[in-house]
Every structure is written in C-alpha cells, then in structure tokens.
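# Coordinate inspection notes
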Amino acid sequence: MDNNRDSQPNIKEKSKGPIIKRGEKPLSSSSGIGEGLRQKLFDLDNQNYKAYKEILGTHDFDDFSLIVDYVQGDPFAAPSKFRVHVPPTVAGFPPELYNTPIREIALRDYLIRQFDRVARDLSSRRGTGKSGMIVVTHMGQEVLERSAANFIFVAPPAPKPKGENPALQRARPMPSTKAKGIELRFFIGLPAGGRQIRGRQAASMICDDIPTIVERALKYKNLDAEACKRHVEVVEDAQWLRQQLTEKGLVAFIPNGAILPRRSGVDPRPLPSSQVVSFQSPEALQVEFECPNTGTVTGMGIPQGITLIVGGGFHGKSTLLDAIELGIYNHIPGDGREFVVTQPTAVKIRAEDGRSIAGVNISPFINQLPQGRSTTDFSTENASGSTSQAANIMEALEAIALSGENIETESEPDSKTLPLAPVLLVDEDTAATNFMIRDRRMQALIAKEREPITPFVDKIRQLYTDHQVSTILVMGGSGDYFDVADTVIALDNFKPQEVTEQAKAIASEYTTGRAPEGGETFGMIQPRIPMPDSLDPSRGRRDVSVQARDVDEVVFGSEDVDLSAVEQLVSQDQVQAIAAAMVYGRQHYIDGKTFLPVILDRIMADIAAKGLDVLTQFPQGDLAMFRRFELAAAINRLRTLKVRQTVAEELPESDAVIDQATIDSDLDSEMNSEQVAAVEPEQEDLPVVEASEGLEAPEALEAPSDQPGKPSTTSLIIKRSTEIAEAIPEPDIVSESTASSQLEPVKEEVVVREVPEEAVAVESNVAAPDVQVEPETVEPKPVEPEAPEPEPVQDMSTVTVESEPTELGIVQPEVSQPEIVEPESVEGLSSAPVESKPPEPEGSRPVKIIKTVKKIQVPEVSSEVLTSESEGAEPESVVAPLQTIDLSQSYEMEQPAQATEGAKPESPEGVTKPEIDDDSSTADN
C-alpha cells in the first residue's frame, strides 16, 4: 500500500474498517486527493478566524466529495456546516435496502447513527469554543425522517488532471451509474486558538478524520450487514402494523413481551429487562398479526371508541399511556417498544395554564360566561386549566377533522395527508379536574345555568358518535366514566386485565344520579383563518429569525413559543423543522383567506412531495419530520396570532371536509352578492362607470374627440354596485311636476334619440352615450362677462339643465332616499347645493322612472347656465354668469297610489339658473 510522506505508519486493518488513532492520517487521503485543501489550511494557520471562509465550496477526495456550505464566523458561534457525497459504487448498499420510502427512511436513520458513533470516537477538543467538534444531529429512540442523510443521485468526484507526481493522479475514473449515492450532512467546530486559526489541527480534522468516518460509517462493506438489515426490517414491520390498525378496528396495539418503562424522565432508553415486568395481553383483547419480516406478532389491541385505563397508583397506568402516546413513531431494534404502534392521528391532550388562545370556538365545552362573554370566538392571553384543555381539544379536531383537501402526491400512502379522525389521549394527572367531571352533589349545589363548563364526561360519547373521535383515558379517581366507556382495562402490578363487564355492573348497581349536561350533539368544530401580519418571523434587521431551543421552545421572530405541553415532540430537529414550516407557510399559504386545516394540508403535501429541504433556502442537516398536529400547536401558541372565523352557516356541523375552493367562492359571492349586471351600451369601447345602488344616473367619463377642433364627448354605461353606495350621493331624478304625473309601466331598455349638436345635458355627473345628432337652433342666454372662472375639477356635480321634454329615455333603477351632500364642482361651474327628496308617502307604489338623455357634444369652453333641482322641492332661482343651453328631456314614472288615475304626463317647468358662488371651493372627491 502506497502512502505519501505525510502519512503515519500506525494503521491497523479490521473487518469493520481501519481503526485509526487520533492525529493519524487515514488511507483514503494517501493518493493525494484533497491535498490542495490540506495545503490551504496550512496556509491559513494563525490568521484571523474569519479567513476560514476561503475553504467554502466543493473539495474532491479519492472516493467522495466534501462540500463546505457554511463557515462559522467565531469559534463560539454555531459550528460550520459540511456535507459528504459518496457515489453508489463506493457506498455499495444493496438497492433492496432502500427500494421503498419506509425502507429508505430506516436505512438513512441507521447510517446517521453509524456516522455519529464513529465521529464521537474521533472528536476531541482542539482549542477554543467548539473547536474540534464533529457531530451529526442528535438521535433518540425513535426512527424519524431526517434531512441529515439522503439517498440521491451522486456523481463521482471529477478526475484530477495528469501531472508529473503520480501520487496526485487518480488511478481510474469511477463508472457512471443511475443508482443512488449517499449524502450526509454534519457539523464541524473549526479549531481556533483565541480568535486565530489553528490550520494544522483543522487539516487533521478535515483531511484525515472525515475520510475515516466515511470509510467506517458510509461504506456497506465495513458495516454489520445483519444489523443493518434488521434495523430496516423492524422499522418496516412497525409501519406495516400501524397501517393495519384501521382495518382491524383498532386505535393502538401493544405486543406481548414489550418493555414499556423507561430509565428516567430524561433518559428514554428502556429499563433492563431484569428490573421490569414485560407486557402480556389479556385474553379478551388479544389480537394477532403476520408481519412481512418478523412473522407472527401477538399482543393487546385497543379498539375504537372510549377506552378507560384504570388501576391503583404506581401500577403502570401512565406508563402504558406514555407508550401508546409515542406509538405514532417507529422505534429502533432493542428499544422494547419496537412494535407498540398507535394511529398516526393520536394526540395527547392536557391542561395548559397560562397559554394564549386566539379565536377558538370552545362553546361545546364552555358557554354562558359571566358578563355575556362569547365562547364561539374565544381569545385570552392567560388561559385557565379548563379553558386551555377545551382549546387543545378543539384545535386538535380542527387540524384534521376539517381537513380542507386530500392532496394527492406521488409519495407512498404512508406520507399522504391522513383522512383519519383524531384519537384523544388523556391522563387525569395532567387534566383539569373541573373539566373532567362534575358529580351529582356539585350539580345540586351549583345549577347548570350558573356553571359555564360542560364536563368532558358529557361530551366524550358525542365526540365518537358525531365525529368518530376515539378516546383513551387514564382515570383512577372517578367511576362516572364507567357509564360511557366501551372498554375498561385495569392494571394490577403492571399486568393488564379486561374488566369492562365488571365496570358496567358496578355502574348499574351504583348509579351516579347526575344529570347529563352535554345536550343532543357535540357542537360546531369551526375552522379559523390566520392573519398573515400576526405571524412575523423578523427580528431587528433580520427578515427571518427562528431558532429551536431543545424540544420545548421555538423562537419565532421576537416571540418565544412554549411547546413544553406538546408532549409528542421527541427531537429538537422536529422543533427546528416546525419553525421553518411556520416561515414557509407564512410565505406561501397564510394569506388571510385560507383556513388553517387547508394550510396544514398544503405544507404537509409539499414536504411529502419534495422532502424537508422544501422548507429552507439552503441545505440543513438538523430537520426532522413532524406531524400536522405539532405544527398547528406551534402556530396556535404564538401569542401574536390573530385569526378570522368563517360564518357558522357556511359549515354544516356533521361535515368532515371543507372544500376551500367553495369557501373562497362563497366569500367572493358574499362580497359581491348585491352587484348587478351593467346595461350594455350600443357603442363599443366605452368606459365603464360604477354607480351606487339606486342612483338615477351614474358618473360621466369624458372621452376626447378623435378630430381636432371638435368638442369632446361623454359616454357612460351603468353598473350598480353596493360597494360604493355610501360614497356617491344620490342625484336628483325628476321635477315635482313630473313626479305628480302617472304613466303606464314600461320595459327597461335604452333608447337614444338625436338632439342638436350644441345641446348639453349634465345631470348626476352623467352625459348620454355618443351618437350622431341633427343640429337644432339654440338660443343662448346672455352671460355676464366679469364672472370669474372657477377652478376646474374632473368630476361634475349633480345638476339639471333647463330643457324641453322628449318622449323616450334610459330606464333607471328604483331610487332610495338620498342624503344632503355637497356636490363637486363642474368644470367652468361652481358647486350648487343638492337637497334630499322628501320620503315617499305611505301606501305609494314603487316608481319606475324613464328618462331620455340625448347625446350631445360639449364644447371645451362651456357657457351654460345649469340648474339644480331636488324631487319634491321648489327650484331655486339664481343669477349665473354662464351661457345656458337647452336640452330636450322628458320623464315618465308610475304615480304613487293617491295620484289621479289616467293623468297625462306633464313637461317639467323651466327652471331658473342656480346661484353661483364665486368664492366656493371644489368639494373633496
């Protein structure tokens, strides 16, 4: 074996790979590949610590590539991020070990554990801060999908160019292959002395230790093949068992011989078998499975419905529930709980004093609060034990029972959005007593109308009958639950017994006498819409600042989210991934219009399709898979969270699925339900003007003439809209004389008649559609020459031109009562007051008004004198310094009930010019 001059001779070969002492150089660097990186680190010796950034990038070794993604700026900062890519021809793992998603997850978990074991053996303190540390993510007893290891298509390292020194040449290029190689991500604390680089120690770590770890942990030939296979098969069997639960009508399964107790509350490893009583199923609940790899597995199955776990103190009730609680995860071989499996939708529920609640409907459990406070949209910064437990249940039901979409992905069924109902896990030790039970004596003392809390005992049955939500409840202090239980399991010295019949007999003999308080149905499970502004991940100058602190806290922007009561989180990597998912959801799906269960669906579907890397901008090795429930729990505990609820009538109580597209459509229709279609114009390419509901004439838009020297024309099209009804004043419609006339009803239609070219009509900011007209002679009235010209504005106020009646016109909608407003000035005219019309006399019929507006062309410099008139009010005479031009216009309408039958329509009397205030200012638009 050839070694270069820097190699050390003390190398021993064994079947599991070379064993190398600290400071010795491994075989994998003997050919000289990676020596350029070694020389660079030598050159950096004693330089400022930030000079380490020069090693960023990809470095090729003999049989793998090393990628430096991030270099820490300080020896006390978070360690630097590295990756290794090992081609499939070098890794050599049989494809059958990773040919299904669950097998690949299991093999990746095994490789991370092997990498971690070897790295711990080689790591040593090499200076200040984190110097000398080589670590991969922390591993527990659970097998999780993690970002630390992946099977990907890895290209072999690029061959080195030929040179004079044969030690720097690659013997032969690696063959290309379509098989998957290994990517493993880890962290290194680059050595430092104070704030200076220790280049030679860094070279030993990176160029010697890393190749050794790759050799011993990531090459199949150097691993225990049987242990690797066993690891994969145990995880696969556990996943298969979990998928059989629904088919068997079960919510959990505990195998015979399982070791359930743990060493301590901070050490999740099993107690030695000599110190514990292994689990043995009672005959009545025993079930059997035939697993794909392990064969026959027998144990206790917990059926769907309501299950009580009872027994004396210290007899193992909570220990059994803890094992069921973590049965949502697969476990490593030797854990003692390898085949303890639970429905993946099982959620631990507990009281959580002091948590914040945002807009949760807790009315199924708590109602009729003092001072009339609503509980259908309940919020608080400091929840009590009962309100927090009620909110925890309702949030768990919201997270999946109202799942918005069953999004199809290309992944296997085990990673799709789950359509199952939740399973609630409750331990009386961590529950609020007044939430769990209210006995007969307390009911007699405190009447129901003075007690807001409906106890869980009165709702637990309705949860199952109405929403198929099963419950497993540890209860040692109250027999009132015997009446509602489907299965009762008693633990005696850690041995379970099925005692359902005895419990029912006791319930019949010793009746509680309490009155049920739960009503006929469970009540509404109401989804909520999170507001995007309430989820702010920024902090100081950083747009995104998130951090996981162990398994019980997330720092999200400037807020600390307490997750200590979310007991099913088992890894800090899960918390880190949840923080990243909150940011991802805020950027992509939290838009103020999408319901929370739909947001959860879409985030989980993206992860299932693209992996955990979809959550972050750069590769991270400290992410682990989580469930939708834990993500929802983190969002719900954010103290800045603001939500909006949907309208209760939109959601039937019994429906388990909400169609988000239908909801969006309903919200749009609610906003636009009172809008009506516009009256189509006869001319094309006319501007559209939106007018208020009930307006007799919409605004006019000025369209410039196509021919120079000709006056501009105005055109309009009517469109009713309630959204701007309050913003635009209702204009005058007809004169008093016209209102007193009676005409036969006519169909709504648009009729345009020809008028003289110089004629003009300005009413309610409206001009008629553009048509060609025959000119008529118009007698202009004298105008005072000294009249000052007011400041022009774009919109024109509501005024009426003195005109001759005509026969037909535009059909207008029914009118509502306008308020007195200050109209805006018209170009060349000042504002004229507009009065509201008097209320319609009692008993009158609806009035249809038909108005003929003749299209004219308006000169740019107008000299008209306009008048303003309100229906039912006398016209007010004023002197105007502008020219007045007549417009022919007639009005027809249905007369009120007391009008004389058969009256002929009368032409409106000519009106005088309104008074113009030279000093008036234009109204605000």
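To keep things clear, this report deals only with the structure shown in the data block.

Cut-offs applied
- Residues numbered from 1 in each chain as written.
- Predicted model: local features only at pLDDT ≥ 70, side-chain atom pairs only at ≥ 80, totals over all residues.
- Heavy atoms only, no water.
- Helix = DSSP H or I, 4+ residues; strand = E, 2+ residues; numbered from the N terminus.
- Buried < 20%, exposed > 50% of the residue type's maximum accessible area, 1.4 Å probe, protein only.
- Contact = heavy atoms within 4.5 Å.
- Core = buried A, V, L, I, M, F, W, Y, C linked by side-chain atoms within 4.5 Å.
- Pairing = 2+ DSSP bridges.
- Axes fitted to C-alpha atoms, helices over the stretch in contact; angles between N-to-C directions.
- Arc of directions from axis to C-beta.
- Phe/Tyr/Trp six-rings, centres within 6.5 Å; stacked < 30°, edge-to-face > 60°.
- Lys NZ or Arg CZ within 6 Å of the ring centre and 35° of its normal.
- Parallel < 35°, antiparallel > 145°, perpendicular 65-115°, else oblique.
- Left-handed = near helix turned anticlockwise from the far one by under 90°.
- Nonpolar A, V, L, I, M, F, W, Y, C, P; charged D, E, K, R; others polar.
- Salt bridge = Lys/Arg side-chain N within 4 Å of Asp/Glu carboxyl O.
- Polar contact = N/O pair within 3.5 Å; in protein donor to acceptor, adjacent residues only side chain to side chain.
- Expected span 1.5 Å × (residues − 1).

Before going further, it helps to examine the overall build of the protein. Regarding its fold elements, the protein presents 16 helices and 37 strands. The 925 residues of the protein split such that 54% are buried. Within the protein, counting contacts between residues at least 6 apart in sequence, those at least 24 apart form 77% of the total.

To continue, consider the nonpolar core. Judged by nonpolar contacts, the single largest core of 87 residues is most densely connected at Phe365, Met436, Phe456, Tyr481, Leu615, Phe626 and Leu631. A per-element tally of this core places helix α12 (residues 572-588) first, with nine residues. Those residues in contact with Leu631 that lie beyond four places of it in its chain are Ile578, Ala581, Met582, Leu600, Ile603 and Phe626. Formed by 60 residues, the second largest nonpolar core is a distinct cluster that contains Phe64, Leu122, Phe186 and Ile210.

Across the sheet, which stays open at both edges, the six strands sit in the order β18-β21-β22-β15-β23-β24 with mixed pairing between neighbours. Two strands close off the open sheet at either side, each with one partner strand: β18 (346-349) and β24 (495-498). Looking at each pair of strands side by side, their axes are set apart by 20 degrees on average, direction ignored. Pairing of strand β21 (residues 423-427) with strand β22 (residues 470-474) involves five bridges; the strand directions are parallel. In the strand pairing of β22, Asp427 is matched with Val474.

Okay, helix α1 (residues 35-43) next. Turning to α1, its buried residues number three or more, namely Glu35, Leu37, Arg38 and Leu41. Viewed along the axis of α1, the buried residues span an arc of 155 degrees, placing them on a single side of the element. Those residues of α1 that are buried lie in contact with β3 (57-60), β4 (65-70) and α4 (199-217).

Below, the discussion takes up the packing of aromatic side chains. This model, assessed by the stated rule, comprises 13 aromatic pairs. When the ring centre of Phe42 is taken as reference, the NZ or CZ atom of Arg200 above it lies at 4.5 Å.

The next thing to look at is the packing of α1 against α4. Where α1 contacts α4, the axes come no closer than 7 Å and their chain directions differ by 160 degrees. Between α1 and α4, the interaxial angle falls into the category roughly antiparallel. Considering only the axes of α1 and α4, their crossing is right-handed. Taken together, the residues of α4 that come into contact with α1 (itself represented by Leu37, Arg38, Leu41 and Phe42) are Gly199, Arg200, Ala202, Ala203, Ile206, Cys207 and Asp208. Class assignment for the residues of the contact of α1 with α4 results in seven nonpolar, one polar and three charged.

Applying the stated criterion across every chain yields a total of 31 salt bridges. Residues Glu567 and Lys348 are paired through a salt bridge, measuring 2.8 Å at the closest nitrogen-oxygen approach. On the criterion of sequence distance, the pair formed by Glu567 in the loop between β28 (559-562) and α12 and Lys348 in strand β18 is long-range, its members being 219 residues apart. Using a relative accessible area of 25% as the deciding quantity, one classes Glu567 as partly exposed. Counted as one network, the salt bridges with shared partners bring together Asp69, Arg83, Glu183, Arg185 and Asp613.

One can find Arg628 in helix α14 (residues 628-636). Classification of Arg628 by relative accessible area gives buried; the value is 6%. Here Pro597 takes part through its backbone oxygen, which lies 3.4 Å from a polar atom of the side chain of Arg628. For Arg628, the side chain forms a polar contact with the side chain of Asp601, separated by 3.0 Å.

Let's shift gears to helix α5 (residues 225-248). Its 24 residues place the ends of α5 34 Å apart at the C-alpha level, agreeing with the 34 Å of an ideal helix rising 1.5 Å per residue. With a side-chain oxygen positioned 3.2 Å from the backbone nitrogen of Glu226, the residue opening α5 is Asp224. Just beyond α5, the residue with positive phi is Gly249, at close to 75 degrees.

Our next topic: unusual backbone geometry. Negative phi values dominate among residues other than glycine, just as trans dominates among peptide bonds. Here Gln468, not a glycine, exhibits a phi torsion of approximately 55 degrees, which is positive. Within the secondary structure layout, Gln468 lies in the loop between α10 (460-467) and β22. With a phi angle near 70 degrees, Phe494 is a residue other than glycine that sits in the positive phi range. Counting through the fold element by element, Phe494 comes out in the loop between β23 (487-492) and β24.

Let's shift gears to the sheet that holds strand β27 (residues 553-556). In spatial order, the strands read β26-β27-β28; together these three strands make up an open sheet with antiparallel pairing. The sheet is open, and its two borders are formed by β26 (546-549) and β28, each paired with just one other strand. Ignoring strand direction, the axes of neighbouring strands in this sheet form an average angle of 20 degrees. In the packing of α12 onto the sheet, the strands contacted are β26 and β27, and the crossing angle to β26 comes to about 155 degrees.

A few words now on the environment of Ala633. Mapped onto the elements, Ala633 comes out in helix α14. With 234 residues separating them in the primary sequence, Ala633 and Ala399 have C-alpha atoms 9.1 Å apart.

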